[in-house]
Amino acid sequence: MTTLSLTGEQNEILFLCFNQDQTIVSCGTKFGFRSYYCDPFSPFIRNEFPGENIHLVEMLFHNKTLALVGDGGSLDRKTIVFWEDVQQKAIAQRHFEGIIRGVRLRRDRLIVVLDTKVIVSQLHPAQQIAEIPTRSNPRGLCAVSSSTEQFRLAVPSPEVGQVLVEQFLDGPAPIEFTLNAHENHIACLALNVDGSRLATASEKGTLVRIFNLDTRELVREVRRGTEAASVHAMCFSHDSHWLAVSSDRGTVHVFALTDQGASINPTSKLSILKRVVPYFGSEWSFAQFRLSPHTASICGFSPDSHFLYVVTSEGHFYKLEIPAHPGPLTPVFEHCIAERPRVSSPSAVPTATPTAPT
């Protein structure tokens with residue numbers, strides 16, 4: 001699952017994310033939130049809350065009960081409101097002692113990212129089961145596997161460049177281990193569906209590393225570029241054959257992943273010198289799509305892994321075809337989701353019975 005929080009006076013859209021199977025994209029705005037089916041592109045949910053900024057929207061697959069975090073007249077950044085769209089009302093809320101930087105949902109778990117820790121709770125009944133310390137995490141970095149068969153979670157470790165991985169089993173405590181991923185601070189994380197692969201990028205943003213979490217080994221290193229960049233989002237395809245990466249450089253990259261045989265990603269013509277100069281052995285992206293420079297975006301794959309969805313901070317949705325051979329991604333559909341509010345029919349303000357702080 002990929003998410004992106006946005007700031008700035010010019011941004012009407014404050015938050016973007018895909019649901020767990022990447023078939024629905026949601027955006028929080030300065031006047032409510034909206035969700036859309038990706039293919040065929042069509043509206044799924046739309047609600048307007050005058051005076052409320054929606055900074056986080058979390059959906060559980062196609063369920064119309066969503067977790068919202070916002071600020072304004074009745075909302076605050078320390079409270080999750082659970083909004084039931086069918087009933088058009090808030091049905092519950094959970095309050096925390098710090099600003100909520102991220103929210104993730106599984107069918108049986110609520111994961112809340114605060115500034116320096118992650119809290120894992122049961123959904124029903126609401127009961128905390130783990131508290132995981134992290135480094136300062138203002139971007140709310142937290143990758144969670146969506147498979148019902150295995151629950152893995154990855155967050156930035158308190159140590160620079162390390163990732164902390166938690167595997168939740170039936171026992172009283174999760175299995176925990178760390179990976180030495182980068183020399184610089186972690187900037188982005190992504191898990192595949194079953195939690196067997198982890199992709200990491202650092203604040204430098206030139207290299208992306210892929211780890212096998214079953215063996216805890218580095219299995220792949222791919223190069224986004226030669227110049228530093230802020231990586232905004234990464235995601236695996238459903239079959240884990242592709243990895244998409246977007247950054248502030250304005251280019252979305254797709255890398256081919258395989259555990260067997262030769263890579264189909266392009267390499268340097270001087271790759272024979274990779275033992276002397278590792279740079280020459282770098283794998284570059286299989287396919288690319290160029291946006292305007294400095295445009296923030298998130299990515300998701302179609303269920304058949306033949307198409308990539310890209311949604312930008314400016315409100316543009318793209319459906320892109322992955323080529324058969326290395327080269328550019330081909331746009332096959334585009335739509336603008338940046339809309340002004342329809343003030344004539346606002347939804348009820350999302351409030352619910354308060355709960356004790358967590």
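Above this text sits the structure in question.
Residues numbered from 1 in each chain as written. Predicted model: local features only at pLDDT ≥ 70, side-chain atom pairs only at ≥ 80, totals over all residues. Heavy atoms only, no water.

1. Looking at the sheet that holds strand E18 (residues 186–191)
Part 1: Strand order in the open sheet formed by four strands is E18-E19-E20-E21, and the pairing between neighbours is antiparallel. Two strands close off the open sheet at either side, each with one partner strand: E18 and strand E21 (217–223). Across the sheet, the mean angle from the axis of one strand to that of its neighbour is 20°, orientation sign disregarded. (Pairing = 2+ DSSP bridges. Helix = DSSP H or I, 4+ residues; strand = E, 2+ residues; numbered from the N terminus. Axes fitted to C-alpha atoms, helices over the stretch in contact; angles between N-to-C directions.)

2. Brief notes about the pattern of salt bridges
Part 1: Throughout the structure, instances matching the rule amount to nine salt bridges.
Part 2: When the shortest N-O distance is used, the salt bridge between Arg 46 and Glu 48 registers 2.7 Å.
Part 3: The exposure class assigned to Glu 48 is buried, which follows from its relative accessible area of 6%.
Part 4: The salt bridge involving Glu 227 is made with Arg 249; its shortest N-O contact spans 3.1 Å. With Glu 227 in the loop between E21 and strand E22 (231–236) and Arg 249 in the loop between strand E23 (242–247) and strand E24 (251–256), this pair connects stretches of sequence that are 22 residues apart. (Salt bridge = Lys/Arg side-chain N within 4 Å of Asp/Glu carboxyl O. Buried < 20%, exposed > 50% of the residue type's maximum accessible area, 1.4 Å probe, protein only.)

3. Side note on the nonpolar core
Part 1: Formed by 32 residues in total, the largest nonpolar core has its most connected members in Phe 33, Leu 66, Leu 68, Ile 80, Ile 100, Val 103 and Leu 110.
Part 2: For this core, the secondary structure elements donating two or more residues are strand E2 (13–18), strand E5 (41–48), strand E6 (52–59), strand E7 (65–72), strand E8 (79–84), strand E10 (102–105) and strand E11 (109–113).
Part 3: If sequence neighbours within four positions are ignored, Ile 100 has contacts with Leu 56, Val 69, Arg 77, Lys 78, Thr 79, Ile 80, Val 112, Val 113 and Leu 114.
Part 4: Core analysis: the second largest hydrophobic core is formed by 18 residues, Trp 242, Leu 308, Tyr 318 and Leu 329 among them. (Core = buried A, V, L, I, M, F, W, Y, C linked by side-chain atoms within 4.5 Å. Contact = heavy atoms within 4.5 Å.)

4. So, the packing of aromatic side chains
Part 1: Considering all chains together, one arrives at eleven aromatic pairs under this definition.
Part 2: Taking the centre distance of 5.1 Å and the plane angle of 15° together, the rings of Tyr 36 and Phe 41 count as stacked. Across the pair, Phe 41 and Tyr 36 agree in class, each one buried.
Part 3: Relative to Trp 83, the ring of Phe 49 has its centre 5.1 Å away and its plane inclined at 70°; by these criteria the two rings are edge-to-face. Residue Phe 49 is located in the loop between E5 and E6, and its partner Trp 83 is located in strand E8; the two are separated by 34 residues in the primary sequence. The same class applies to Phe 49 as to Trp 83, namely buried.
Part 4: Of the aromatic side chains, those joined through ring pairs into one cluster are Tyr 36, Phe 41, Tyr 309, Phe 317 and Phe 333.
Part 5: Taking NZ or CZ as reference, Arg 107 lies 4.2 Å from the ring centre of Phe 61, over its face. (Phe/Tyr/Trp six-rings, centres within 6.5 Å; stacked < 30°, edge-to-face > 60°. Lys NZ or Arg CZ within 6 Å of the ring centre and 35° of its normal.)

5. Quick look at the side chain of Arg 106
Part 1: Within the secondary structure layout, Arg 106 lies in the loop between E10 and E11.
Part 2: Asp 108 provides the closest opposite charge to the buried, unpaired Arg 106, separated from it by 4.0 Å.
Part 3: From its side chain, Arg 106 meets the backbone oxygen of Ser 145 in a polar contact 2.6 Å long.
Part 4: Filtering out sequence-adjacent residues up to four positions away, Arg 106 remains in contact with Leu 60, Ile 111, Leu 123, Val 144, Ser 145, Ser 146, Ser 147, Thr 148, Gln 150 and Phe 151. (Lys, Arg positive; Asp, Glu negative; His and termini not counted. Polar contact = N/O pair within 3.5 Å; in protein donor to acceptor, adjacent residues only side chain to side chain.)

6. Side note on unusual backbone geometry
Part 1: Following Asp 39, the chain continues to Pro 40 via a peptide bond in cis, the omega torsion being -5°.
Part 2: Position of Pro 40 relative to the elements: it lies in the loop between strand E4 (32–38) and E5.
Part 3: In this structure, the amide linkage connecting His 124 to the following residue, Pro 125, adopts the cis form with an omega of -5°.
Part 4: Mapping Pro 125 onto the fold places it in the loop between strand E12 (117–122) and strand E13 (127–133).
Part 5: Phi is positive for Phe 61, which is not a glycine, with a value near 50°.
Part 6: Mapping Phe 61 onto the fold places it in the loop between E6 and E7.
Part 7: Among the residues examined, Phe 61 registers a relative accessible area of 17% and is labelled buried.
Part 8: Even without a glycine there, the phi angle at Arg 216 is positive, about 65°.

7. Regarding the layout of surface pockets
Part 1: Taken as a whole, the largest pocket encloses approximately 580 Å³ of empty space.
Part 2: Forming the walls of the largest pocket are 32 residues, and the residues nearest its centre are Thr 3, Leu 4, Ser 5, Leu 6 and Arg 139.
Part 3: Those elements giving two or more residues to the lining of the largest pocket turn out to be strand E1 (3–5), E2, E6, E10, E18 and E22.
Part 4: Class assignment of the residues belonging to the lining of the largest pocket gives a composition of 17 nonpolar, ten polar and five charged. (1 Å grid on protein atoms, 1.4 Å probe; cavity = no way out; pocket = protein on both sides within 12 Å on 5 of 7 lines; lining within 4 Å. Points joined across faces, edges and corners; volume = space filled by probe spheres on them. Nonpolar A, V, L, I, M, F, W, Y, C, P; charged D, E, K, R; others polar.)

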